[in-house]
Amino acid sequence: MRILGIESSCDETGVAIYDDEKGLIAHALHTQIPMHAQYGGVVPELASRDHIKRIVPLVRLVLEKADMKLSDLSAVAYTAGPGLIGALLAGAMEAGALAYGLGIPSVPVHHMEGHLLAPMLEDEKIQFPFVALLISGGHTMLIKVEKPGQYELLGQSVDDAAGEAFDKTAKLLGIPYPGGPGLEKLAAKGKSGIFNFPRPMIKNPNCDFSFAGLKTAVLNATLEHKDDLENVKADIARGFTEAIASTLEIKCKRALKQTGIKTLVVAGGVSANTDIRNALKALMDSIHGKIYFARKEFCTDNGAMIAQVGMLRFKAGQIGDNSIKVFPRTPLSNLKPL
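Residues numbered from 1 in each chain as written. Predicted model: local features only at pLDDT ≥ 70, side-chain atom pairs only at ≥ 80, totals over all residues. Heavy atoms only, no water.

**Examining the sheet that holds strand β4 (residues 75-81)**
Heads up, the condition is: Paired strands, as defined in this entry, are two strands with at least two bridges between them according to DSSP. Every helix listed is a DSSP run of H or I at least four residues long, and every strand listed is a run of E at least two residues long, numbered separately from the N terminus. What counts as an axis is a line fitted to C-alpha atoms, over the stretch in contact for a helix, and the angles between N-to-C directions run from 0 to 180 degrees.
What the five strands build is an open sheet, ordered β3-β2-β1-β4-β5; its pairing is mixed. Edge positions in the sheet fall to β3 (23-31) and β5 (106-110), since each of these pairs with one other strand and no more. Going from strand to strand, the sheet's axes swing by 20 degrees on average, the running direction of each strand aside. Where strand β1 (residues 2-7) lies against strand β2 (residues 12-19), six bridges are found, and the strand directions are antiparallel. Residue pairing across strands places I6 opposite V15, the latter belonging to β2.

**Some words on the side chain of H115**
As a reminder, the rule being used: Under this definition, polar contacts are N or O atom pairs within 3.5 Å; protein pairs additionally need one hydrogen-donor-capable and one acceptor-capable atom, and for neighbouring residues in sequence, both atoms have to be side-chain atoms. Contacts were defined at the residue level, with two residues in contact if any of their heavy atoms lie within 4.5 Å.
With respect to the helices and strands, the residue H115 is situated in helix α4 (residues 111-117). Within the structure, the side chain of H115 is placed 3.5 Å from the backbone oxygen of C299, a separation counted as a polar contact. Within the structure, H115 has its side chain in polar contact with the side chain of D301 (distance 3.0 Å). If sequence neighbours within four positions are ignored, H115 has contacts with L134, A267, G268, C299, T300, D301 and M305.

**Topic: the environment of G260**
To keep it simple, the criterion reads: Only protein chains enter the accessibility calculation, which uses a 1.4 Å probe. A residue is then buried if its area is under 20% of the maximum for its type, exposed if over 50%, and partly exposed in between.
As for its position among the elements, G260 is in the loop between α8 (229-259) and β9 (263-267). Classification of G260 by relative accessible area gives exposed; the value is 62%. C-alpha separation for the pair G260 and F130, spaced 130 residues apart in sequence, amounts to 9.7 Å.

**Quick notes on the packing of aromatic side chains**
Describing an aromatic ring pair means giving the distance of the ring centres and the angle of the ring planes. Definition in use: Each aromatic pair joins two rings of Phe, Tyr and Trp (for Trp, the six-membered one) with centres within 6.5 Å, and gets the label stacked for planes under 30 degrees apart, edge-to-face for over 60, and tilted for any other angle.
Counted according to the given criterion, the structure contains four aromatic pairs. Seen from their ring centres, F128 and F130 are 5.1 Å apart, and the 35 degrees between their planes marks the pair as tilted. You can call F128 partly exposed: its relative accessible area is 30%. The class of F130 is buried, set by a relative accessible area of 0%. Consider the rings of F195 and F197, whose centres lie 5.9 Å apart with planes at 15 degrees: the pair is stacked. Since its relative accessible area comes to 7%, F197 is described here as buried.

**Overview of the pattern of salt bridges**
The cut-off we apply is this: We count a salt bridge whenever a side-chain nitrogen from Lys or Arg sits within 4 Å of a carboxyl oxygen from Asp or Glu.
Under the criterion given, the structure shown has 16 salt bridges. As a salt-bridge pair, K53 and D50 come within 3.9 Å of each other at their nearest N and O atoms. Here K53 pairs with D50, and both are found in helix α2 (residues 44-66), just three residues apart, close to one helical turn. Look at K53 and you get exposed, because its relative accessible area is 53%. Residue classification places D50 among the buried positions, given a relative accessible area of 5%. With its nearest N and O atoms 3.9 Å apart, the salt bridge here joins K215 to D160. Placement of the pair is K215 in helix α7 (residues 212-224) and D160 in the loop between β8 (150-156) and α5 (162-172), with a sequence separation of 55 residues. Using a relative accessible area of 9% as the deciding quantity, one classes D160 as buried. Within this structure, D50, K53 and R54 form a network of salt bridges that share partners.

**As for unusual backbone geometry**
In the segment running from G81 into P82, the intervening peptide bond is cis, with an omega of -10 degrees. Following the sequence through the fold, P82 ends up in the loop between β4 and α3 (85-102). Going from F128 to P129, the amide bond is cis rather than trans, its omega being 0 degrees. Assignment of secondary structure puts P129 in the loop between α4 and β6 (130-135). Positive phi outside glycine occurs at M201, with the angle close to 65 degrees. In this structure, M201 sits in the loop between α6 (179-187) and α7. The backbone of H288 sits at a positive phi, close to 55 degrees, despite the residue not being glycine. Along the polypeptide, H288 turns up in the loop between α9 (274-286) and β10 (290-293).

**Quick notes on the pairing of β4**
Taking burial as the measure, the seven residues of β4 include seven buried ones, the bulk of the element. Pairing geometry for β1 and β4, over four bridges, is parallel. Bridging across to β4, I6 finds its partner in Y78. Where β4 and β5 come together, five bridges link them in parallel fashion. Across the sheet, the residue bridging to A77 is V107, located in β5.

**Description of the layout of surface pockets**
Condition: Here a cavity means grid points, on a 1 Å grid over the protein atoms only, where a 1.4 Å probe fits yet cannot get out; a pocket means an open set of points with protein on both sides within 12 Å along at least five of seven lines; lining residues are those with an atom within 4 Å of a point. Grid points are joined across faces, edges and corners, and a volume is the space filled by probe spheres set on the points. Residue polarity follows a fixed list, in which Ala, Val, Leu, Ile, Met, Phe, Trp, Tyr, Cys and Pro are nonpolar, Asp, Glu, Lys and Arg are charged, and the others, Gly among them, are polar.
In this model, the second largest pocket occupies a volume close to 480 Å³. For the lining of the second largest pocket, the secondary-structure elements that each account for two or more residues are β4, β5 and α10 (303-315). The biggest single contributor to the lining of the second largest pocket is β5, with four residues. Residue classes in the lining of the second largest pocket are distributed as 10 nonpolar, seven polar and five charged.

Just distances and angles here, no functional claims.
Structure, rendered in structure tokens:
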């Protein structure tokens, strides 16, 4: 069986084809970053219109890559939420129209479940259960995963997500959108220990996160050094990145200890950051555990992760009714077990 996956939750249009025996066989992605960069962030209306324009050409492209026809598809999966309402509707309408026209099922997919299981796209198989750290522009979450479809929330951000903190800090330092990659490059030029920013909530016994205070600490540092900001920007970026990485490491260690699990899966756009990867690798080495990352092209939004989860849900008989239903906000706990 082969399933087409469509991702359109925010500012990337992703399409992929997943085979239940061969795995991922074709994928393509269009990023809207150049379009949104001139506005300093995602403009929802422009994002929605661009998805509408891009989805059909990308479907044709992946079919060509896979040497397939539409009639070879068994189902069409799409991101039903969470995400921007207009962007989600663009993908849902295309998926519904394709499924209806081909007489095959459509499969709604939870965007965060896609990220959560994205490392399963790699050749090395992940052993269950594991603790997952999801770090993206809108989410920072620690989740216990017993198996696909069975998730327990261990902790989450009570204010800004890690990705939001990256973007806001980058803006304070004059780094254009998207801030994450530029901030990482700047931090690589900085010196450790010059700015020792707080590690928020690390003394709390839970696994929740808070990054708003860290952002404020960076703001105060930029104001204090406004006359020589150019000379210390790299050091501020370094201190910020180290604070984020250290906080994530401490909270992951706590979640692993509480669950007794020694396998950590890290996913979401922020997981592409090298400093965060190195800190979490060092953590897992210290406890003789295993860590898994999605490849960097699958850390950000993509169609491959939606197609993969779509196949799991399709084989479990969890299909949609081809009506256009999307959910801008929907917790993982609402998902049915597989």
